[in-house]
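Coordinate analysis (summary)
Below are the chains, spelled out letter by letter.
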Amino acid sequence: MSGYAGVVVSDPSLQSHFTQVELRSIKSKYTSVKNNNGKVTIGDLPSILAKLKAFSQSFKEEEIRGVLTESVADMNQEIDFEDFLKVHINFQARAAAQLGGSKDSSAFLKVSTTTLLHTISQSEKGCYVHHINSYLGDDPFLKQFLPMDPNSDDIFNLAKDGVLLCKLINVAVPGTIDERTINTKRVLNPWERNENHTLCLNSAKAIGCTVVNIGPHDLVEGRPHLVLGLISQIIKIQLLADLNLRKTPQLVELADDANDIEELMGLSPEKVLLKWMNFHLQRSGYEKPITNFSSDLKDAKAYTYLLNVLAPEHCDPATLDAKDPTERANLVLDHAERMGCKRYLDSRDIVEGSSNLNLAFIAQIFKMRNGLSIDGKKVAFAEMMTDDVQTSREGRCFRFWMNSLGISTYVNNVFEDVRNGWVLLEVLDKISPGSVNWKHATKPPIKMPFRKVENCNQVVKIGKELKFSLVNVAGNDIVQGNKKLILALLWQLMRSNMLQLLKNLRSYSHGKEISDADILNWANYKVKSSGRKSRIESFKDKSLSNGLFFLELLSAVEPRVVNWNLVTKGDNDDEKRLNAIYIISVARKLGCSVFVLPEDIMEVNQKMILTLIASIMYWCLQQEDLESSPSHSESATVTDISSTAPSVQSEDESSIYGEISSLNIDDAASDSTASSVIDNIEDDQ
């Protein structure tokens, strides 16, 4: 297969924001100006950006110049291509905020933590501080530091140890982190802080956050724009958690027939929220549909109608009569407060069209009172259409994995979002650079069905060239949404990326292909070489269900990471679950990016077991590479599948690991304790 020349960016986290076709387009504009003028200055950017399709409808050249003039002292300063990309990403975020997510409803998740100007919204900071004070105020450890002052930098200082962020993740998605693995001392040493932040970032990825441009060192330093960006993603996930048919089957009332229900299942939470809001606005007589969380809400009229239909008992007739938008917004907030809604914004935020805060406020209204009826027949039909548990679990795993790659399209529903082929092509471009012929690909929105088939045919073609098992599979099978086929394809993509990562660690593979058997043999060898007796015959070995083999493997690669006093014998389901939850958090704390669930370990899901062991193997071999060759950077910058992410352990961080490896860590339990625990367990068996 012929390759296609790509644009290479030295910063992988920067490159991850763009597809090759986007990079080539942006590079050609940049090069054109440089060829004409000999260089590109900041003063040249307004005319370049205003002509780009991505910004032509959002900004005029004068507006772009105004933003840059306010932020940069010297407009004649020369700018290189990578700095130009950072400016591009910054204006992407601004454009997304203006549109309120109407074109890419999840753009916030992708760009909120990346800015060139490093500006933060004081309103958003205050909102998130109040949220944290409310939800974590009674936490046994954090209550000594709370409440925080929203007008101070308390939130950034408290985030430096990582405890706050880990606890916040558990508020958003309970049970994500085993809190026994969080280092909670008043004063943490560098190793313990780094562990907390590594655990936080890997766990954030596992709940759907985009963290490709953040490393533990950023959080240790408390960089405001990055900390606030991560916190905003976590809170948003919490607030939107119920906006799906599985959690709130009453949402089926928004659909008229089976086709509408299928469409509803494929919508992002943000779009479901908009659909819900418009459903009630239509009932209330409000004629203008709401298409975003920004400009359409500035006059507060939509809020007035929405709250009047949801909570008429708290209605104030003066709200609609108010002439001033700020006055009306204040009355709306008073109405919401009488309903018991938390204040995520003030009247100024509504009038100014703060997209993120409006979204948070509407999500809170939905949580307090969604106004949907419970039609037994419709709800039963909706529940019948939702996926079975196993399919849902695997879909979740693949969705978070794809988003962790840093592709430009955020995946909300894995079965719906892959049907046009574009997302799959983006994934292929990440795991096999140069394999996609972008000239023959069509970017969404795609109106012509045959274009979707063309995209999916190219996916199948590349898959076969990568030696995937795709017998009698055609692109139309993907377009039709064949879930079994889609899961099989995504698993092969994930496995291929995983094996390629291990192959890239040349100190182990010497450039040879890596097989599943190599991973199995490595795991058994590692456990045996540490003096343990456990051994597994395959990735579906039933003995894996108690979790002890994984803990022995983790202890073998890093003895300090396992506290054996917390390990159970795994004799029953409750003990197995405790071990499984602990294993996942320990692996993430170590530096492994894993997307397995405790059930995958307890039920010995062969695919997920393979990814877990491979992630531990990759981390271990990566450390050996760093130790044997300090200048080695290949493994630290390669795209992650189920292993240490470039953002979690980047090239800059190798010095951190070098520093802290010599520290005298006062662990809760030594490795000798581990041996005695295992021996006792074996004796009892």
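About the criteria used
Residues numbered from 1 in each chain as written. Predicted model: local features only at pLDDT ≥ 70, side-chain atom pairs only at ≥ 80, totals over all residues. Heavy atoms only, no water. Helix = DSSP H or I, 4+ residues; strand = E, 2+ residues; numbered from the N terminus. Buried < 20%, exposed > 50% of the residue type's maximum accessible area, 1.4 Å probe, protein only. Polar contact = N/O pair within 3.5 Å; in protein donor to acceptor, adjacent residues only side chain to side chain. Salt bridge = Lys/Arg side-chain N within 4 Å of Asp/Glu carboxyl O. Core = buried A, V, L, I, M, F, W, Y, C linked by side-chain atoms within 4.5 Å. Contact = heavy atoms within 4.5 Å. pLDDT = per-residue confidence, 0-100. Expected span 1.5 Å × (residues − 1). Axes fitted to C-alpha atoms, helices over the stretch in contact; angles between N-to-C directions. Parallel < 35°, antiparallel > 145°, perpendicular 65-115°, else oblique. Left-handed = near helix turned anticlockwise from the far one by under 90°. Nonpolar A, V, L, I, M, F, W, Y, C, P; charged D, E, K, R; others polar. Phe/Tyr/Trp six-rings, centres within 6.5 Å; stacked < 30°, edge-to-face > 60°. Lys NZ or Arg CZ within 6 Å of the ring centre and 35° of its normal.

In terms of helices and strands, the chain carries 36 helices and zero strands. Counting only residues that meet the buried cut, the chain has 57% of its 685 residues in that class.

The next subject is unusual backbone geometry. Note on backbone geometry: most residues besides glycine have negative phi, and most peptide bonds are trans. For the bond running from leucine 146 to proline 147, omega is 5 degrees, close enough to zero to count as cis. Its location among the elements puts proline 147 in the loop between α8 (122-136) and α9 (154-158). Each neighbour pair has its own omega, and for proline 444 with proline 445 the value is 0 degrees, a cis peptide bond. Its place among the elements puts proline 445 in the loop between α24 (422-431) and α25 (449-465). Unlike most non-glycine residues, asparagine 472 shows phi in positive territory, near 60 degrees. Tracing the backbone shows asparagine 472 in the loop between α25 and α26 (475-479).

As a further point, take the side chain of threonine 198. Among the structural elements, threonine 198 can be located in helix α11 (residues 190-206). Of the polar contacts made by the side chain of threonine 198, one reaches the backbone oxygen of asparagine 194; its length is 2.7 Å.

What follows concerns the pattern of salt bridges. Tallied over the full model, the rule gives 24 salt bridges. Its salt-bridge partner being glutamate 192, residue lysine 185 comes within 3.1 Å of it at the nearest N-O pair. Among the residues examined, lysine 185 registers a relative accessible area of 42% and is labelled partly exposed. Lysine 288 is the salt-bridge partner of aspartate 296, the closest N and O atoms lying 3.9 Å from each other. Judged by relative accessible area, which is 10%, aspartate 296 ranks as buried. According to the relative accessible area criterion, lysine 288 is partly exposed, its value standing at 45%. It is possible to trace a salt-bridge network through shared partners that takes in Asp139, Lys167 and Glu179.

Once that is clear, we can look at the nonpolar core. Ranked by internal contacts, the top residues of the largest apolar core, which has 90 residues, are Met402, Leu493, Ile519 and Ile613. Non-local contacts of isoleucine 519, meaning those with residues more than four positions away in its chain, are made with Leu499, Leu502, Ile514, Phe539, Leu610, Ile613, Ala614 and Met617. Counting residues in each nonpolar core, the second largest holds 85 residues, with Ile182, Ile237, Tyr344 and Leu357 among its members.

Taken residue by residue, the chain gives an average pLDDT of 83. The fraction at 70 or more is 81%. This stretch, residues 1-5, has a pLDDT under 50; its non-local contacts, to residues over four places away or in other chains, come to ten contacts. This stretch, residues 630-685, has a pLDDT under 50; its non-local contacts, to residues over four places away or in other chains, come to 127 contacts.

A separate point is the environment of leucine 274. Relative to the assigned elements, leucine 274 resides in helix α15 (residues 269-284). Under the relative-accessibility criterion, leucine 274 is labelled buried at 10%. As for leucine 274 and leucine 359, which are separated by 85 residues in sequence, their C-alpha atoms are 9.2 Å apart.

The terminal C-alpha atoms of helix α13 (residues 224-239), which comprises 16 residues, lie 22 Å apart, in line with the 22 Å expected from a rise of 1.5 Å per residue. Here α13 lies mainly inside the structure; 15 of its 16 residues are buried.

On to the packing of α8 against α13, then. The packing of two helices is summarised by the inter-axis angle and the distance between the axes. Remark: α8 packs on α13, axes separated minimally by 11 Å, with the N-to-C direction vectors making an angle of 60 degrees. The pairing of α8 with α13 is recorded here as oblique in orientation. Considering the relative orientation of α8 and α13, their crossing is left-handed. Together, Lys125, Tyr128, His131, Ile132 and Tyr135 of α8 and Leu228, Ile231, Ser232, Ile235, Gln238 and Leu239 of α13 make up the contact between the two elements. Grouping the constituent residues of the contact of α8 with α13 by class yields seven nonpolar, three polar and one charged.

Tracing the sequence through the fold places aspartate 296 in the loop between α15 and α16 (301-310). A polar contact of 2.8 Å, which involves the side chain of aspartate 296, links it to the backbone nitrogen of threonine 291. Once residues lying within four places of it in the same chain are set aside, the contact partners of aspartate 296 are Lys288, Pro289, Ile290 and Thr291.

All right, on to the packing of α8 against helix α20 (residues 355-368) then. Put simply, α8 and α20 touch, their axes get as near as 10 Å, and they point 35 degrees apart. Residue-level contacts link Ser123, Glu124, Cys127, Tyr128 and Tyr135 of α8 to Asn356, Leu357 and Lys367 of α20.

In this section: the packing of aromatic side chains. Summed over all chains, the structure comprises eight aromatic pairs. Taking 5.2 Å as the distance between ring centres and 85 degrees as the angle between the ring planes, the aromatic pair formed by tryptophan 276 and phenylalanine 366 counts as edge-to-face. Of this pair, tryptophan 276 sits in helix α15 while phenylalanine 366 sits in helix α20, and the two are 90 residues apart along the sequence. Pairwise contacts between aromatic rings join Tyr30, Phe81 and Phe84 into one cluster. Across from the ring centre of phenylalanine 81, 4.9 Å away, lies the NZ or CZ of lysine 27, which sits over that ring. Taking the ring centre of tryptophan 191 as reference, the NZ or CZ of arginine 560 above it sits at 4.2 Å.

Let us now look at helix α27 (residues 483-504). Working note: α-helix, 3.6 residues per turn, so residues spaced by three or four point in the same direction. The first and last C-alpha atoms of α27 sit 32 Å apart over 22 residues, in line with the 32 Å expected at 1.5 Å per residue. In terms of residue burial, α27 counts as a mostly covered element, since 16 of its 22 residues are buried. N-capping of α27 is provided by asparagine 482, with a side-chain oxygen placed 3.2 Å from the backbone N of lysine 484.

Our next topic: the environment of aspartate 316. Here aspartate 316 shows up in the loop between α16 and α17 (318-321). Counting along the chain gives 15 residues from aspartate 316 to leucine 331, while the straight-line C-alpha distance between them is 7.8 Å. Apart from the residues lying within four places of it in its own chain, the contact partners of aspartate 316 are Leu331 and Arg338.

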